[in-house]
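# Close look at the chain arrangement
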Amino acid sequence: MEHDIEKVLYSGEKIAEAVKKLGEQITREYKGKVPVLLCVLKGASLFFADLIREIKLQCEVDFIIAKSYGMSSQTSGKLRILKEPDVEIAGRDVIVVEDILDTAVTLSALLHTLSEKQPASLKVAVFLDKNLGYKKPVNADYTCFISENEFLVGYGLDYAERYRNLPYVGVLKRDIYQN
Ligand code: PRP
């Protein structure tokens, strides 16, 4: 698995530092509130688990399963929601937790669906925002890293469902996904 990685972009230590900082910011900004943290599975699972432990507030957690890539490295452009949140969203302060913003097609469709449930507030925390050089349909409120447009895997990010368990974010070698 490690042999398929061209270079490590963000080490485990660098990630932990950035996630802690973000947790502290959310703790400050949501003081006196009980936010609902909504993890967008599967990619955000590692980031989510680390982030919620850095938020020193009462909060609730829930999970949503959203897919737009499947087994391909290209977005299908369509969002499929395979699991809706169980928590009542109406009137709550919701923070959607995503692993990556690429085309932002997923997030845009997700925010549209969630806003129809009338939350009191709706914000987005993204682990990694890709700097694609064009305007995204929606932006994140909180971001850990901004990166160039490389094929990244690890810390929840996959290629064809693999590499999610790498404890760092790395660039996948081209020959792995360009066959
Ligand atoms: C990935 C990722 C984001 C989305 C970002 O999800 O987790 O949800 O793609 O891409 P976009 O900004 O171009 O829409 P994917 O559909 O691969 O599912 P996964 O989370 O299970 O990996």
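It should be noted that the structure appears before, not after, this text.
Bear in mind that the values here come from a model prediction, so they are computed numbers and not experimental data.

Rules behind the numbers
- Residues numbered from 1 in each chain as written.
- Predicted model: local features only at pLDDT ≥ 70, side-chain atom pairs only at ≥ 80, totals over all residues.
- Heavy atoms only, no water.
- Phe/Tyr/Trp six-rings, centres within 6.5 Å; stacked < 30°, edge-to-face > 60°.
- Helix = DSSP H or I, 4+ residues; strand = E, 2+ residues; numbered from the N terminus.
- Buried < 20%, exposed > 50% of the residue type's maximum accessible area, 1.4 Å probe, protein only.
- Lys NZ or Arg CZ within 6 Å of the ring centre and 35° of its normal.
- Pairing = 2+ DSSP bridges.
- Right-handed = clockwise from strand over helix to strand, strands pointing away.
- Salt bridge = Lys/Arg side-chain N within 4 Å of Asp/Glu carboxyl O.
- Axes fitted to C-alpha atoms, helices over the stretch in contact; angles between N-to-C directions.
- Contact = heavy atoms within 4.5 Å.
- Core = buried A, V, L, I, M, F, W, Y, C linked by side-chain atoms within 4.5 Å.

Bringing the packing of aromatic side chains into the picture now. Counting across every chain of the model gives eight aromatic pairs. Centroid distance Phe47 to Phe127: 5.4 Å. Interplanar angle 50 degrees. Geometry classified as tilted. Of the two residues, Phe47 sits in helix H2 (residues 45-52) while Phe127 sits in strand S6 (residues 121-130), which places them 80 residues apart along the sequence. With relative accessibility at 0%, the residue Phe127 sits in the buried group. Arranged with centres 6.3 Å apart and planes meeting at 65 degrees, the rings of Tyr159 and Tyr177 form a pair that is edge-to-face. You can see Tyr159 sitting in the loop between strand S8 (152-153) and strand S9 (169-172) and its partner Tyr177 sitting in helix H4 (residues 174-177), a full 18 residues away along the chain. Overall, the relative accessible area of 18% leaves Tyr159 in the buried class. Taken together, Tyr10, Phe47, Phe127, Phe145 and Tyr155 form an aromatic cluster joined through their ring pairs. The ring of Tyr30 has Lys33 sitting right over it, with the charged end atom 5.9 Å from the ring centre.

What follows covers the pairing of S6. Burial of S6 is extensive: seven of the 10 residues sit out of reach of the surface. Direction of pairing for strand S5 (residues 93-101) relative to S6: parallel, over a ladder of eight bridges. Opposite Val94, over in S6, you have Leu122 as the bridge partner. The handedness of the S5 to S6 crossover, carried by helix H3 (residues 105-115), is right-handed. As defined by bridge partners, S6 adjoins strand S7 (residues 142-147) across five bridges and the pair is classed as parallel. Bridged to Lys130 within S7 is Ser147.

As enumerated under the stated definition, the model contains 11 salt bridges in all. Taking the shortest distance from any N to any O, the salt bridge between Glu150 and Lys7 comes out at 3.9 Å. One end of the pair, Glu150, is in the loop between S7 and S8; the other, Lys7, is in strand S1 (residues 5-10), and 143 residues separate them in sequence. Residue Lys7 is classed as partly exposed on the basis of its relative accessible area of 41%. Through salt bridges with shared partners, one network takes in Lys42, Asp158, Glu161 and Arg164.

Strand order across the open sheet formed by six strands is S4-S3-S2-S5-S6-S7, with mixed pairing between neighbours. Single-partner strands in this sheet number two, and they are strand S4 (80-83) and S7. Each adjacent strand pair in this sheet contributes to an overall mean axis angle of 25 degrees, direction not counted. Lying on the sheet, helix H1 (residues 12-29) is in contact with S5, S6 and S7; it crosses S7 at an angle near 150 degrees. The sheet strands contacting H2 are strand S2 (36-41), strand S3 (60-67), S5, S6 and S7, and the helix crosses S2 at an angle near 160 degrees.

Residues Phe47, Leu51, Phe127 and Val169 are the most contacted members of the largest nonpolar core, which totals 27 residues. For this core, the secondary structure elements donating two or more residues are H1, S2, H2, S5, S6, S7 and S9. It is H1 that contributes the most residues to this core, five residues altogether. Setting aside residues no more than four positions away along its own chain, Phe127 makes contact with Ile15, Val19, Phe47, Glu98, Asp99, Thr143, Cys144, Phe145, Tyr155 and Val169. By size, the runner-up hydrophobic cluster in this structure holds 18 residues, among which are Ile64, Val87, Val94 and Leu107.

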